[in-house]
Amino acid sequence: MTVNSTDSAPAVSSEYFDLETSGLGYLNRAREVPTRGEPFLAVDIAALHGAKSNVEYTRFDCIVRGAKAINIVRNLMPEIEAGKAVLVGFKIGDLYADTFTFTHGEKAGQTGVSLKARLLQIRWAKVDGETVYSARSEATANGATNASSEQSHRVSNAAPASR
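Notes on the structure follow. On a predicted model such as this, the values are computed, not experimentally measured, just so you know.

## Observations concerning the overall build of the chain
Right, so step 1: Regarding its fold elements, the chain presents three helices and eight strands.
Right, so step 2: In sequence order, the secondary structure elements of the chain are arranged as β-β-β-β-β-α-β-β-β-α-α.
Right, so step 3: If you take every contact in the chain between residues at least 6 apart in sequence, the share linking residues at least 24 apart comes to 55%.
Right, so step 4: Counting every atom, the chain has about 10500 Å² of accessible surface; 50% of that belongs to carbon and sulfur.

Put into structure tokens, the structure is as follows:
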């Protein structure tokens, strides 16, 4: 919650309630979305949930927000496009449901629901099981002398299977 006030004006209060969700999931369909204004980066997350022996997936269509998240997703795009398994720990916010009508296939004409959100943070990333980014490693490296961010994390050019 934020509150703004000055001595010469009555107190003005602005309150924000954040809905954030964290989890792990596979990145798919990373893309630049053209608009009339500035294009934006979007990605789908197939989030894992349920019992390990019977994993279920929930798909989130996300707009990537924040310079760090944008940089990480951009660096992972070659792996995503090559169909490699790109598994991430993530935090999303501003989740909402959006309805649409199927135009092709067996469901043509039926109403569907898409879960949309903002991808706010990637905490770690693995490509085909190999760690390529870790926010913890980055924080540790930033505190160590002569440590570079390239040593603390890397995004490889290898590609995983789509989920």
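## Structural notes on the pattern of salt bridges
Right, so step 1: Using the criterion set out here, one finds eight salt bridges in the structure.
Right, so step 2: A salt bridge links R31 to D44; its shortest N-O distance comes to 3.6 Å. With a gap of 13 residues between them, R31 in strand β3 (residues 20-33) and D44 in strand β4 (residues 40-49) connect regions that are remote in the sequence.
Right, so step 3: The exposure class of D44 is buried, given its relative accessible area of 5%.
Right, so step 4: One continuous salt-bridge network, built from bridges that share partners, spans R29, R31, D44, R59, D61 and K116.

The rules behind each value
Residues numbered from 1 in each chain as written. Predicted model: local features only at pLDDT ≥ 70, side-chain atom pairs only at ≥ 80, totals over all residues. Heavy atoms only, no water. Helix = DSSP H or I, 4+ residues; strand = E, 2+ residues; numbered from the N terminus. Contact = heavy atoms within 4.5 Å. Areas by Shrake-Rupley, 256 points an atom, 1.4 Å probe, with all protein chains shown as cover. Salt bridge = Lys/Arg side-chain N within 4 Å of Asp/Glu carboxyl O. Buried < 20%, exposed > 50% of the residue type's maximum accessible area, 1.4 Å probe, protein only.

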